[in-house]
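What follows is the residue order along each chain.
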Amino acid sequence: MNFSETGNNLKLMLIFSAVILTMPLWLAPIGAGYPDLLQKFVIFGIFAIGYNILFGLTGYLSFGHAVFLGIGSYTAVWSFKLLTMNVLPAILLATIMAGVAAALIGYISLRRSGIYFSILTLAFAQMSYNLAYSVLTPITNGETGLQLSQQDPRIIDRAFSTAGEGLPSTELFGISMSGYSGFYFCAVVLIIAFFFSLKIFRSPFGMKLQAIKSNQTRMKYTGFNTRPYLMTAFIISGMYAGLAGALMAVTDPLAGAERMQWTASGEVVLMTILGGVGTLFGPLLGVGIIKYFENIFSAINEETLHHLFSFLPGFLESLMVTITAPFVGEGWHLTLGVLFMVIVIFLPGGIMEGMDRIKKRFRHQGDDNDPPGEGVDQ
Amino acid sequence: MSNLVLNIKSVNKTFGGLQALNDVNLEIEEGKVHAIIGPNGAGKSTLLNCCIGRLIPDTGTVTFDGENIIGKKAHEINQLGMVRVFQTPEIFPDLSLLENVMIPAFAKRDGAYSLNIFKAAADEREIINEAEKMLNELGIQGDHVHHHAGSMSRGDKRRLELVMCLIQHPRLLLLDEPTAGMARHDTNRTIELLKKIKERGMTKIIIEHDMHVVFSVADTISVLAQGAIIASGTPDEIRGNPIVQDAYLGGAHL
Ligand SMILES: Nc1ncnc2c1ncn2[C@@H]1O[C@H](COP(=O)(O)OP(=O)(O)OP(=O)(O)O)[C@@H](O)[C@H]1O
Ligand SMILES: [Mg+2]
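Fair warning: this is a prediction, and the values are worked out from it, not measured in the lab.

Here is what the cut-offs are and how they apply
- Residues numbered from 1 in each chain as written.
- Chains lettered and ligands numbered in written order.
- Predicted model: local features only at pLDDT ≥ 70, side-chain atom pairs only at ≥ 80, totals over all residues.
- Heavy atoms only, no water.
- Helix = DSSP H or I, 4+ residues; strand = E, 2+ residues; numbered from the N terminus.
- Rg over C-alpha atoms; globule rule 2.2 N^0.38 Å.
- Buried < 20%, exposed > 50% of the residue type's maximum accessible area, 1.4 Å probe, protein only.
- Contact = heavy atoms within 4.5 Å.
- Areas by Shrake-Rupley, 256 points an atom, 1.4 Å probe, with all protein chains shown as cover.
- Lys, Arg positive; Asp, Glu negative; His and termini not counted.
- Charge placed at Lys NZ, Arg CZ, Asp CG, Glu CD.
- Phe/Tyr/Trp six-rings, centres within 6.5 Å; stacked < 30°, edge-to-face > 60°.
- Lys NZ or Arg CZ within 6 Å of the ring centre and 35° of its normal.
- Domains from an automatic or database assignment.
- Buried area = accessible area lost by both parts, 1.4 Å probe.
- Near = heavy atom within 4 Å.
- Polar contact = N/O pair within 3.5 Å; in protein donor to acceptor, adjacent residues only side chain to side chain.
- Nonpolar A, V, L, I, M, F, W, Y, C, P; charged D, E, K, R; others polar.
- Salt bridge = Lys/Arg side-chain N within 4 Å of Asp/Glu carboxyl O.
- pLDDT = per-residue confidence, 0-100.
- Axes fitted to C-alpha atoms, helices over the stretch in contact; angles between N-to-C directions.
- Parallel < 35°, antiparallel > 145°, perpendicular 65-115°, else oblique.
- Pairing = 2+ DSSP bridges.
- Expected span 1.5 Å × (residues − 1).
- Donors = N, O, S within 2.8 Å, 3.2 Å for Na, K, Ca; no water.
- Patch = residues over 30% accessible without salt bridge, like charges linked within 9 Å, V, L, I, M, F, W, Y side chains within 5 Å.

Engineer: Explanation requested: the overall build of chain B in the structure shown.
Structural biologist: Each helix and strand in chain B was counted, giving nine helices and 10 strands. Taken against the 2.2 N^0.38 rule, which gives 18 Å for 254 residues, the C-alpha radius of gyration of chain B at 19 Å falls within 12% of a compact globule. Projected onto the principal axes, the alpha-carbon positions of chain B cover approximately 60 × 40 × 40 Å. Going through the 254 residues of chain B one by one, you find that 54% of them count as buried. Partitioning the intrachain contacts of chain B with sequence separation of at least 6 by distance along the chain shows that 68% fall at a separation of at least 24. Just so you have it, chain B exposes about 10,600 Å², and 49% of that area is on carbon and sulfur atoms. Of the side chains in chain B, 26 bear a positive and 32 a negative charge, and the two mean positions are spaced by 1 Å.

Engineer: Explain the packing of aromatic side chains to me, please; I cannot follow it from the model alone.
Structural biologist: Both the distance between ring centres and the angle between the ring planes are used here to describe each pair of aromatic rings. Inspection of the entire model under this criterion finds 14 aromatic pairs over all chains. Consider the rings of Phe16 of chain A and Phe281 of chain A, whose centres lie 6.4 Å apart with planes at 40°: the pair is tilted. Highlighted residues: Phe16 of chain A in helix H1 (residues 9–21) and Phe281 of chain A in the loop between helix H13 (262–275) and helix H14 (282–295), separated in sequence by 265 residues. Taking 5.8 Å as the distance between ring centres and 85° as the angle between the ring planes, the aromatic pair formed by Phe224 of chain A and Tyr229 of chain A counts as edge-to-face. Relative accessible area serves as the criterion here: at 0%, Phe224 of chain A is assigned to the buried category. Taking relative accessible area as the criterion, Tyr229 of chain A reaches 0% and is therefore assigned buried. Grouped by ring-pair contacts, the aromatic residues Tyr60, Phe68, Phe117 and Phe234 of chain A constitute a single cluster. Over the face of the ring belonging to Trp78 of chain A we find Lys81 of chain A, whose NZ or CZ atom lies 5.7 Å from the ring centre. One residue, Arg239 of chain B, lies across the ring of Phe215 of chain B, its end atom 4.2 Å from the ring centre.

Engineer: Mind showing me how you'd approach the domain arrangement of chain B here?
Structural biologist: Often, the extent of an interface is quoted as the loss of accessible area on bringing the components together. Residue and element names in this part refer to chain B. Taken domain by domain, chain B consists of domain 1 (1–81 + 170–254) and domain 2 (93–169). Averaged C-alpha coordinates put domain 1 and domain 2 at centres separated by 26 Å. Counting residues at the interface gives 22 residues for domain 1, matched by 14 residues for domain 2. On the domain 1 side of the interface with domain 2, the three residues burying the most area are Gln79, Pro170 and Leu193, jointly 33% of the side's total.

Engineer: How should I be thinking about the site of ligand 1 in this particular structure?
Structural biologist: Residue and element names in this part refer to chain B. Among the 13 residues in the neighbourhood of ligand 1, the closest are listed as Asn40, Lys44, Ser45, Thr46 and Gln87. Between ligand 1 and Gln87 there is a distance of 2.8 Å, counted from an oxygen atom to a side-chain nitrogen or oxygen. Within the contact set of ligand 1, an oxygen atom lies 3.2 Å away from a side-chain nitrogen or oxygen of Glu177. For ligand 1, whose free accessible area comes to 630 Å², the fraction covered by protein is 62%. The set of elements that each furnish at least two residues to the shell around ligand 1 consists of strand S2 (18–29) and helix H1 (44–52). Broken down by element, the residue count for the shell around ligand 1 peaks at three residues, all from H1. Split into classes, the residues belonging to the shell around ligand 1 amount to four nonpolar, seven polar and two charged.

Engineer: Looking at this model, I keep getting lost on the pattern of salt bridges. Mind explaining?
Structural biologist: Between side chains of opposite charge, pairing is possible as soon as their charged atoms come close. What the rule picks out here adds up to 18 salt bridges over all chains. Glu294 of chain A is the salt-bridge partner of Lys291 of chain A, the closest N and O atoms lying 3.1 Å from each other. Placement of both Lys291 of chain A and Glu294 of chain A in helix H14 is noted, with a separation of three residues, approximately one turn of the helix. Under the relative-accessibility criterion, Glu294 of chain A is labelled partly exposed at 22%. Here Asp186 of chain B ties to Arg159 of chain B by a salt bridge, and the two come within 2.9 Å at their closest N and O atoms. With a gap of 27 residues between them, Asp186 of chain B in helix H6 (residues 184–199) and Arg159 of chain B in helix H5 (residues 154–166) connect regions that are remote in the sequence.

Engineer: Would you take a moment to explain the confidence of the model for chain A for this structure?
Structural biologist: Any residue range with low pLDDT should be treated as having predicted coordinates unsuitable for detailed reading. Looking at chain A, pLDDT values average 86 and 94% of them are 70 or higher. A low-confidence stretch, residues 1–6 of chain A (pLDDT under 50), is modelled with 25 contacts involving residues beyond four sequence positions or located in other chains.

Engineer: Quick question: what am I supposed to make of the packing of helix H9 (residues 179–202) of chain A against helix H12 (residues 226–251) of chain A here?
Structural biologist: Pairs of packed helices are described in terms of their axes, by the angle between the two and the distance that separates them. Residues and elements named next belong to chain A. It is at 11 Å that the axes of H9 and H12 come closest, and there the two elements cross at 175°. Between H9 and H12, the angle falls in the class roughly antiparallel. In contact with Phe185, Cys186, Val189, Ala193, Phe196, Ser197 and Ile200 of H9, H12 contributes Ile236, Tyr240, Leu243, Leu247, Val250 and Thr251. Counted by class, the contact of H9 with H12 contains 11 nonpolar, two polar and no charged residues.

Engineer: What is the right way to look at the pairing of strand S7 (residues 172–176) of chain B in this model?
Structural biologist: Looking down a regular strand, the side chains alternate between one sheet face and the other. Residue and element names in this part refer to chain B. Across the five residues of S7, five count as buried, placing the element largely inside the fold. Judged by which residues are buried, S7 turns out to be covered on both faces: Leu172, Leu174 and Asp176 on one side and Leu173 and Leu175 on the other are all buried. Alignment of strand S6 (residues 82–85) against S7, held across four bridges, turns out to be parallel. Along S7, the bridge assignment pairs Arg84 with Leu174. In this sheet, strand S8 (residues 203–207) lies alongside S7 in parallel orientation, the contact comprising five bridges. Within S8, the residue paired with Asp176 across the bridge is Ile207.

Engineer: So what exactly am I meant to see when it comes to the sheet that holds strand S10 (residues 228–233) of chain B here?
Structural biologist: Hydrogen bonding along the main chain pairs the strands of a sheet, whether they run parallel or antiparallel. Residues and elements named next belong to chain B. Spatially, the six strands line up as an open sheet ordered S6-S7-S8-S3-S9-S10, and their pairing is mixed. Because the sheet does not close on itself, it has two edges, and the strands there are S6 and S10. Pairwise comparison of adjacent strand axes, ignoring direction, gives a mean angle of 20° for this sheet. Where strand S3 (residues 33–37) and strand S9 (residues 220–225) come together, four bridges link them in parallel fashion.

Engineer: What am I meant to see in helix H4 (residues 125–137) of chain B here?
Structural biologist: Between its terminal C-alpha atoms H4 of chain B stretches 18 Å, which fits the 18 Å expected from 13 residues at 1.5 Å a residue. Gly139 of chain B lies just past H4 of chain B and shows a positive phi near 80°.

Engineer: Would you explain the coordination of the magnesium ion (ligand 2) in this entry?
Structural biologist: Note on the magnesium ion (ligand 2): its protein donors are Ser45 of chain B (OG) and Gln87 of chain B (OE1). The metal-donor distances range over 1.9 to 2.2 Å. On the criterion of sequence distance, the pair formed by Ser45 of chain B in helix H1 and Gln87 of chain B in the loop between S6 and helix H3 (97–110) is long-range, its members being 42 residues apart.

Engineer: Looking at this structure, I do not really get a nonpolar patch on the surface. What am I missing?
Structural biologist: Residue and element names in this part refer to chain A. On the surface, Phe327, Leu334, Val338, Met341, Val342, Ile345 and Phe346 cluster together to form a nonpolar patch covering roughly 670 Å² of accessible area. The topology assignment puts Ile345 in helix H17 (residues 332–346). Here Ile345 falls in the exposed class, since its relative accessible area comes to 62%.

Engineer: What is the right way to look at the interface of chain B and chain A in this model?
Structural biologist: Counting residues at the interface gives 46 residues for chain B, matched by 31 residues for chain A. Viewed at the interface, chain A and chain B are joined by one salt bridge. Note that Arg218 of chain A and Glu161 of chain B form a salt bridge whose closest N and O atoms lie 2.5 Å from each other. At eight residues, H3 of chain B tops the list of elements feeding residues into the side of chain B that touches chain A. Here the side of chain B that touches chain A is built from residues that sort into 25 nonpolar, nine polar and 12 charged.

Structural data, given as structure tokens:
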């Protein structure tokens with residue numbers, strides 16, 4: 001699988017970086033080139049890439065990964081409140097905290113596999129969500145959510161300067177992390193995160209994780225202690241989620257418990273499946289599609305539709321508008337649901353499988369000989 | 001007396017009211033191929049399960065290279081050098097043939113756990129070469145090593161699993177009916193492979209229904225019936241043993 005798609009890491013990384021960094025350009029024509037949405041693409045991209053290391057490689061379906069997203073956000077905001085508005089300590093601490101939480105939750109959840117594992121992770125997620133609203137209020141600030149305030153100590157910043165007027169903004173050595181600079185910062189983090197995931201996918205370690213997914217019994221009788229492998233994958237994916245949560249706080253410094261809700265955990269599952277579980281790029285495609293629908297389709301209203309179908313004769317125009325209206329605006333979930341079902345039924349391997357099929361068809365048309373060797377380990 | 005690799009002493013195992021193993025004693029000498037034969041449900045697979053950590057015997061001891069292995073985990077027993085081919089092929093159906101063979105080679109080289117993420121699997125030249133050499137012995141060459149293991153025939157899967165075990169250079173190899181359900185020519189290919197292995201002097205326990213296979217590869221044979229060993233000896237002794245003839249070989253194609 002990944003083994004046979006081994007190519008030049010450097011070339012792949014260069015192309016990937018170019019594509020990510022030019023997102024504001026090529027997403028502008030479809031109306032998605034504004035910083036807010038771009039940041040979302042990139043941050044959820046990190047979340048999904050990490051989730052894919054667990055779900056895609058080992059097949060363990062966690063329904064609780066939003067917990068780590070939430071922990072990442074809370075930690076980052078606390079770092080902004082207590083230490084400094086510089087984002088580096090925030091994302092570092094958030095990633096570590098999420099890793100620690102993942103070790104705890106993983107240690108217990110991984111005692112089971114299959115549906116029981118999923119239920120355990122879901123239980124942890126709901127527990128954390130409810131705790132954030134109740135007993136943990138001193139840390140999470142309950143329903144209001146954790147926010148910056150003028151009275152925050154920010155000890156590191158205070159050591160160098162006195163507090164200014166109004167709320168400070170997140171920064172990286174003086175560069176404010178809002179708007180496009182925030183996007184570029186997150187994009188660079190995504191590129192690093194993707195590189196790390198590429199290394200895992202193509203390493204013996206990644207191959208062993210896939211072998212666990214394929215036949216865990218065989219793995220055990222082949223001399224592998226599978227539990228620590230699963231733990232490692234779980235912790236790494238938790239840390240990715242923590243990092244993503246921290247970046248959410250970087251671009252918008254507040255954290256609320258709803259970030260940990262099970263719907264958020266479910267969203268990353270959908271993204272991964274939609275794009276292609278266990279593929280390198282699939283999760284990113286899934287993120288792109290879901291976030292695009294969520295932000296662009298939901299903004300379409302009947303007026304836009306009338307405008308779109310205005311070339312049709314009067315009664316046809318209103319018919320088309322009536323038919324399509326339920327799928328846009330508030331109804332974007334319906335479109336997404338239909339799309340998801342179509343993909344799962346016809347392309348269980350997600351969009352990546354669809355692209356593979358198209359590629360194969362082209363190849364067969366190109367020459368009738370056997371397809372050329374897949375360029376493996378020259 | 002030569003070196004004992006495996007020593008099974010008074011092993012008993014019951015499932016509910018069923019006595020699957022009844023005071024089984026077995027000694028496996030270094031370098032020998034030891035066949036276990038017996039009718040269906042005799043307890044042959046159960047005996048192997050007690051050796052590799054899948055089942056724990058109710059009473060009795062199993063020592064491997066002088067070390068008590070009862071209570072040890074499956075992966076620990078494998079790392080000690082006892083490796084098993086299952087009755088129903090256990091391979092990695094979603095991985096390529098090459099990957100299927102590389103995985104056990106990693107287990108042998110890196111142990112039960114290692115976080116090797118910095119070197120690409122494609123750069124593990126030594127392991128790839130060894131795996132390819134093993135696959136070549138099965139007649140799998142060139143691009144075919146990248147085919148999916150799951151799409152192979154049952155016979156090929158069994159031979160693949162055998163190769164996966166062989167690449168670990170086990171101290172003791174356990175084979176559970178390596179030719180069950182195979183057509184004649186398929187069986188012959190497996191026998192050839194087994195003979196090749198025999199030349200390397202690897203110690204083996206082989207469970208087999210096919211007497212043709214048993215008599216062509218075994219040094220010693222034990223007969224298991226209703227959970228108890230009723231006879232042990234060289235192939236010729238077993239062939240001539242009246243009790244065995246009665247209990248088992250009578251109806252079989254000898
Ligand atoms: N895990 C188990 N739980 C309950 N009963 C079992 C279990 N494993 C085996 N048995 C029973 O123990 C007896 C011996 O089974 P075993 O699989 O060892 O036989 P076998 O000699 O390998 O037979 P075959 O030639 O059919 O493979 C059978 O009656 C079987 O039903
Ligand atoms: Mg059996």
